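Working through the structure, step by step
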Amino acid sequence: METSELTAAEQRVWRAFAHGTAVDFRAHEDEVASFGSAWGADRTVRGEVLRALLLSGASADGAIAGLWVMGAHVAGRLDLAHGTVDVPIRLLGCHFARAPDLFGAGLRHVDLSRSHLPGLEAADVRVEGALRLTACHLTGATRLGGAEVTSSLHLDRATATGPVCLDGARIGDALVVKGARLSGGDGVALSAANTSVGGGVVGADLDAHGTLLLTGLRVGGTLNLEGAHLARPGGAALAAAVLAVALDVLCNGLRAEGEVRFTRSRIGGRLSLEGARVTNRGQAAVRLGGAVVGAEVAAADLRTEGQVNLRGATITGALVLTDARLSHAGGAALLASGCSATQLWLDGTELAEGHLSLRGAVFTTVHAAPETWPAQVWLDGLTYQALFPRLAPRPPLGSAPARRRRIRAALLRTARRRLPAPR
């Protein structure tokens with residue numbers, strides 16, 4: 001591309017590229033890129049110009065080239081499909097007129113933070129380094145299926161009004177969706193089926209309208225969804241069957257409208273649902289059937305409307321439901337048939353509606369005050385070694401002095417009957 005064909009704004013970007021220096025078109029630092037369609041020619045750069053720079057631009061002598069632009073309106077499409085780019089890409093707070101196409105590209109560190117994008121086509125992309133979509137506004141589908149990111153993938157504080165697909169992606173370090181606002185409508189908000197994450201998943205305070213689909217996800221660290229809000233009424237708010245997590249799954253303070261599902265999952269550490277609120281009336285609220293948990297299941301102060309199903313779960317540590325309130329009209333509010341754990345804690349647990357089923361369950365100790373047990377309890381096949389609290393037995397004849405007095409009175413009555421009548 002001849003430099004004579006470039007606009008003044010594009011010439012600024014072209015010159016800066018060779019030195020890897022920044023070009024800042026912003027009027028002020030707090031600009032919102034979603035309004036970028038109104039930005040004028042003085043800050044408009046064509047996607048084809050950026051493509052030419054990234055694929056064939058040269059560095060200046062003694063400098064490291066790189067694309068670093070802030071606050072630009074990118075006209076047309078940035079098309080890097082199947083291309084190879086060896087310099088970092090930083091397009092910060094930019095407004096893209098069309099969804100960038102990164103399909104099958106080989107890139108080195110990509111940062112699109114705070115930008116407005118009408119979607120992102122990046123299936124099978126390979127990024128050496130991090131891929132940052134922090135605080136981006138994505139109005140269309142975000143496709144990253146089969147992507148490989150050697151460092152971290154950041155979607156923290158992003159807003160997406162279309163589905164986000166990470167199916168089959170390989171992420172070397174962390175997947176960060178903390179504080180993101182995702183909306184898939186009646187479908188899937190974020191799908192990470194069969195995705196591999198070498199580090200942890202950071203999803204605290206995530207807000208997802210639509211299913212959070214984590215089926216077959218493999219996590220080398222901790223899965224953190226503390227304080228998240230997941231909404232898929234009548235369906236699966238969190239679908240995490242066959243999940244494999246090396247450390248802990250943290251869902252403290254989770255709010256879910258729809259089912260929370262961990263069936264047949266393997267969790268190396270603990271599963272924590274303390275203070276969680278799950279509503280799925282008439283169906284399962286929490287499903288953990290067939291799961292294997294390497295430490296305790298901590299669910300103190302859990303509140304559910306819908307069944308808690310732990311059928312066949314294997315818990316290496318304790319199952320703690322202290323002060324929980326469970327409700328499921330017309331069925332078992334707590335279904336733990338075939339479940340095994342070292343301890344079962346039901347102190348202060350309230351089964352507002354529904355019964356308790358511990359059929360075939362195995363616990364070393366069961367902690368439950370007498371008032372905890374509901375009117376209907378199914379215990380056939382339950383095995384345990386100790387029940388707490390221990391209740392003092394009632395003496396059949398009262399105290400020792402009382403027993404002596406009763407025996408003496410009985411002997412006297414017998415002796416009087418045997419004495420001869422006076423003459």
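Now for a description of the structure that goes with this document. Counting starts from 1 at the beginning of each chain's written sequence and moves along it residue by residue. Reporting of local features is limited, given that this is a predicted model, to residues whose pLDDT is at least 70; pairs of side-chain atoms are given and counted only at 80 or more, and all residues count toward the totals for whole chains, interfaces and linings. Excluding hydrogens and water, the side-chain values take into account all heavy atoms of the structure.

**Overview of the overall build of the protein**
Going by this rule: Secondary structure is summarised from DSSP: a helix means a run of H or I of at least four residues, a strand means a run of E of at least two, and numbering begins at the N terminus for each. We take the radius of gyration over the C-alpha atoms and set the globule estimate at 2.2 Å times the residue count to the 0.38 power. Burial here depends on accessible area, computed with a 1.4 Å probe over protein chains only, as a share of the maximum for the residue type. Under 20% is buried, over 50% is exposed, and the range in between is partly exposed.
The secondary structure content of the protein amounts to three helices and 42 strands. On C-alpha atoms alone, the protein measures out to a radius of gyration of 32 Å, which is more than a quarter above the 22 Å that the 2.2 N^0.38 rule sets for 423 residues. For the protein, the spread of C-alpha atoms along the three principal axes comes to 150 × 35 × 30 Å. Split into buried and exposed, the 423 residues of the protein put 49% on the buried side.

**Overview of the pairing of strand E34 (residues 303-309)**
Rules: DSSP bridges decide pairing: two strands pair if at least two such bridges lie between them.
Most of E34 sits out of view: five of its seven residues are buried. The sheet contact formed by strand E31 (residues 277-287) and E34 spans six bridges and is parallel. When the bridges of E34 are listed, Ala 284 appears paired with Gln 307. As judged from the five bridges shared by E34 and strand E37 (residues 325-335), these two strands associate in the parallel manner. Bridge pairing links Glu 305 to Ser 327 in E37.

**Side note on the nonpolar core**
We apply this condition: Here the nonpolar core consists of buried residues drawn from Ala, Val, Leu, Ile, Met, Phe, Trp, Tyr and Cys, with membership extended through side-chain atoms lying within 4.5 Å. Any two residues whose heavy atoms approach within 4.5 Å are treated as being in contact.
Counting 114 residues, the largest nonpolar core has Leu 91, Leu 107, Leu 206 and Phe 262 as the members making the most contacts within it. Here this core gets four residues from one element, more than from any other, and that element is helix H1 (residues 8-17). In contact with Leu 91, other than residues within four places in its own chain, are Leu 50, Leu 67, Val 69, Leu 78, Phe 96, Asp 111, Leu 112, Ser 113 and Ser 115.

**What about the side chain of Thr 349?**
Summarising the element assignment, Thr 349 is placed in the loop between strand E38 (340-345) and strand E39 (350-357). Thr 349 sits in the buried class, given a relative accessible area of 5%. Beyond its immediate sequence surroundings of up to four residues, Thr 349 is in contact with Leu 321, Thr 322, Asp 323, Ala 324 and Thr 372.

**A closer look at the environment of Asp 61**
With respect to the helices and strands, the residue Asp 61 is situated in the loop between helix H2 (47-56) and strand E3 (67-70). Overall, the relative accessible area of 80% leaves Asp 61 in the exposed class.

**A word on the environment of Ala 189**
Tracing the chain through its elements places Ala 189 in strand E19 (residues 181-191). For Ala 189, a relative accessible area of 0% translates into the label buried. Setting aside its immediate chain neighbours within four residues, Ala 189 contacts Gly 162, Pro 163, Val 164, Leu 182, Ser 183, Gly 184, Ala 208, His 209, Gly 210 and Thr 211.

**A few points about the packing of H1 against H2**
Defined as follows: The axes are straight lines fitted to the C-alpha atoms, using for helices just the contacting stretch, and the angles between their N-to-C directions are given from 0 to 180°. Throughout this description, any angle smaller than 35 degrees is read as roughly parallel, any larger than 145 degrees as roughly antiparallel, any in the 65 to 115 degree range as roughly perpendicular, and the remainder as oblique. Should the near helix be turned counterclockwise from the far one by less than a right angle, the crossing is left-handed, whereas a clockwise turn marks it as right-handed.
One can describe the packing of H1 onto H2 by two numbers: an axis separation of 11 Å at closest approach and a directional angle of 15°. Between H1 and H2, the angle falls in the class roughly parallel. For H1 against H2, the interelement crossing comes out right-handed. Judged by residue contacts, Glu 10, Val 13, Trp 14 and Phe 17 of H1 engage Val 49, Leu 50, Ala 52, Leu 53 and Leu 54 from H2.

**Concerning unusual backbone geometry**
Peptide bonds are mostly trans, and most non-glycine residues show a negative phi. Each neighbour pair has its own omega, and for Phe 388 with Pro 389 the value is 0°, a cis peptide bond. Here Pro 389 lies in the loop between strand E42 (386-388) and helix H3 (400-418). Positive phi, normally seen in glycine, also occurs at His 109, with a value near 60°. Mapped onto the secondary structure, His 109 falls in strand E7 (residues 106-111). With phi around 60°, Ala 135 is a residue other than glycine that occupies positive phi space.

**A word on the pattern of salt bridges**
This is how the line gets drawn: Within this document, salt bridges are pairs made up of a side-chain nitrogen of Lys or Arg and a carboxyl oxygen of Asp or Glu, the two lying within 4 Å of each other.
Applying the stated criterion across every chain yields a total of 15 salt bridges. Arg 26 serves as the salt-bridge partner of Asp 24, at 2.9 Å between the closest nitrogen and oxygen. Among the salt bridges present, the one from Arg 277 reaches Asp 301, with a minimum N-O distance of 3.4 Å. You can see Arg 277 sitting in strand E31 and its partner Asp 301 sitting in the loop between strand E33 (297-298) and E34, a full 24 residues away along the chain.

**Remarks on the packing of aromatic side chains**
For clarity, the threshold we go by: Between the rings of Phe, Tyr and Trp (Trp by its six-membered ring), a pair exists once the centres lie within 6.5 Å; its type follows the angle of the planes, with under 30 degrees stacked, over 60 edge-to-face, and the other angles tilted. A ring is considered to have a charge above it if a Lys NZ or an Arg CZ atom is located within 6 Å of its centre and within 35 degrees of its normal.
Overall, the coordinates contain zero aromatic pairs when judged by the stated rule. Sitting over the ring of Trp 39, Arg 43 keeps its end group 3.9 Å from the ring centre. Its end group placed over the ring of Trp 68, Arg 90 keeps NZ or CZ at 5.0 Å from the ring centre.

**A short note on H1**
Note the following rule: Note that the arc is computed from the directions linking the helix axis to the C-beta atoms.
Inspection of H1 places Ala 9, Glu 10, Val 13, Ala 16 and Phe 17 among the buried residues, and these make up the whole buried set. Down the axis of H1, the buried set is contained in an arc of 130°. They therefore lie on one face. Relative to its buried face, H1 has exposed residues pointing more than 90 degrees away, namely Ala 8 and Arg 15. Along its buried surface, H1 packs onto strand E1 (23-24), strand E2 (44-46), H2 and E3.

**Some thoughts on H2**
Those residues of H2 lying buried are Gly 47, Val 49, Leu 50, Ala 52, Leu 53 and Leu 54. Looking at the buried residues of H2, the elements they touch are H1, E2, E3, strand E4 (73-75) and strand E5 (89-92).

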